[in-house]
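Commentary on secondary and tertiary structure
Residues per chain are reported as follows:
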Amino acid sequence: MSQERLSVLVIGAGLAGLAAARVLHDAGTEVRVLEAGDGVGGRVRSDRVDGFLIDRGFQVLFPAYPSYRRLIGRGGLPLVMLPSGAAVRQAGGTSVVGDPFRDRDARRDLINRDVFSAADVMRLGALAASVRLAPLASLLTGPDETAEAYLRRFGFGERAFERFFRPFFGGIFLDRSLGTSARVFRYYLRMLIEGGAARPVGGMGALPARLAQGLDVMLQANVRSISADGGRVTVNLDGEAVTADRVVVATDPAEAQRLLGVGVPKGSKGATYVWFDAPEGVDQEARILLGDGKPINDATWISNADKGVAPAGRALLSVTVLGTERDEGEVETAVRSALEAWYGEQVNAFKTLAVRTIPHAQFAQPPGIHGLLASPQTGLPGVWLASEATRGSSIQGALASGEQAAAAILQDANVLGRARGT
Ligand SMILES: Cc1cc2nc3c(=O)[nH]c(=O)nc-3n(C[C@H](O)[C@H](O)[C@H](O)COP(=O)(O)OP(=O)(O)OC[C@H]3O[C@@H](n4cnc5c(N)ncnc54)[C@H](O)[C@@H]3O)c2cc1C
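Residues numbered from 1 in each chain as written. Predicted model: local features only at pLDDT ≥ 70, side-chain atom pairs only at ≥ 80, totals over all residues. Heavy atoms only, no water.

Topic: the nonpolar core
In this structure, Phe164, Phe165, Phe169 and Val248 are the most contacted members of the largest nonpolar core, which totals 96 residues. Non-local contacts of Phe165, meaning those with residues more than four positions away in its chain, are made with Phe116, Leu124, Leu127, Leu151, Phe156, Ala160, Gly170 and Leu178. (Core = buried A, V, L, I, M, F, W, Y, C linked by side-chain atoms within 4.5 Å. Buried < 20%, exposed > 50% of the residue type's maximum accessible area, 1.4 Å probe, protein only. Contact = heavy atoms within 4.5 Å.)

This is the structure in structure tokens:
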């Protein structure tokens, strides 16, 4: 089989599937992506609602992600950089915390007794230096523990945990307990320190849309089963069978387990997101606002960083409430009453644009998670797994898993081609 004639079906047009398809397509392989949904992006999609641009759940892009750099690169996707600090909201007012080299207000509030003591500031320096100076790969190796245990070894005070670490990293891992693996924590911190956080112009959905450019993607193609026989792989859609030389399964982990019988990491982290249309100027803050978790974990006036997400004269506020147990109406009411403590009666003028519960935003990543990740090899000949399940539950994990599966297929095809002299 020559590499030019190799045909590959990729199941799933999330970031993992699109990354795999992108690499294979760019290497000259014939690739078709089969996606069950009505658009590309999987968990990373954006919608227009009443003239506002709303992502499906609040998430940001770390431009330092190595796979993002390889696949899209500098200038490949217009980005709006987000402020590097966070604003801690509490009864007495707001304190700014963040990188003192990038954020003037964070420099001013450097020794802010409301969040960090003077000793904590020294500890932050030590934490940042240890994460920044270590070789990147080493951050994901070595003995594992919870992020909380790791931070406690630096000696941070209780206020630093309650007012900064829990809400800030709780918003990233969708878990305020800081029970996430310290390896994962260190990796994210390094990404933040190296490249900050950004949103693509056009919303998070612009990232998968960019990856999908020029690819053959078939939407509303729900794959029911896969079988392999005689060097070909057969994929069964509703009432139709398609064959290919190779198949990449790039679905969410639960569906990959159903299709392939492979073991995948268990447990889901989810959240409920409330989006408001508000009058412009209620709050000029563009930094993420950190709450006490009752019920607001964090909130962001997205239009203060990116005017393009709201119609003229209006502002877009996104609020994150961790967990998915509560009824959406109950969450919305509780969020409105917490916002009243911040903004008073102005909240009466806020219109709710959407309330969305996302039960599986990420899988749980407790200490030891790396030993539980799935292999890209599936046991079915010619079938590879590309999913966050193989590399970690994140944009980087999904993109890297796609790159990895594509590289394995290309290498395999080259080896076979050389053996046959084609
Ligand atoms: C609200 C939220 C916040 C997040 N925050 C962050 C963050 O701050 N930083 C970060 O790095 N990551 C974050 N993540 C995680 C990150 O977005 C995901 O890890 C990543 O997008 C997963 O990509 P994936 O391609 O592996 O899976 P998915 O996005 O789930 O894609 C799988 C695709 O397969 C399709 N599919 C499933 N079954 C079939 C079938 N039988 N046939 C055909 N198609 C099928 C699905 O429709 C879907 O399009 C967040 C996610 C969410 C939702």
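Read on, since the account is not over.
Thoughts on the pairing of strand β10 (residues 225–229)
Note: β10 against strand β11 (residues 232–237), five bridges, orientation antiparallel. Counterpart to Ser227 in the pairing with β11 is Thr234. If you look at the hairpin formed by β10 and β11, you'll find two residues sitting between the two strands, and Gly230 has a positive phi there, around 60 degrees. (Pairing = 2+ DSSP bridges. Helix = DSSP H or I, 4+ residues; strand = E, 2+ residues; numbered from the N terminus.)

With respect to the domain arrangement of the protein chain
What the domain assignment lists for the protein chain is domain 1 (3–43 + 205–266 + 369–420), domain 2 (46–63 + 268–363) and domain 3 (83–196). For domain 1 versus domain 2, the separation of C-alpha centres amounts to 33 Å. The partner domain 2 presents 10 residues to the 12 residues of domain 1 that form the contact. Carbon and sulfur atoms make up 58% of the area that domain 1 and domain 2 hide from each other, which totals about 900 Å². When the area that domain 1 buries against domain 2 is broken down by residue, the three leading residues are Arg43, Ser393 and Ile395, summing to 55%. Where domain 1 touches domain 2, the interface holds zero salt bridges. At the junction of domain 1 and domain 2, the tally comes to five residue pairs in polar contact (both at pLDDT 80 or more). When its residues are assigned to classes, the side of domain 1 that touches domain 2 shows seven nonpolar, three polar and two charged. (Domains from an automatic or database assignment. Buried area = accessible area lost by both parts, 1.4 Å probe. Salt bridge = Lys/Arg side-chain N within 4 Å of Asp/Glu carboxyl O. Polar contact = N/O pair within 3.5 Å; in protein donor to acceptor, adjacent residues only side chain to side chain. Nonpolar A, V, L, I, M, F, W, Y, C, P; charged D, E, K, R; others polar.)

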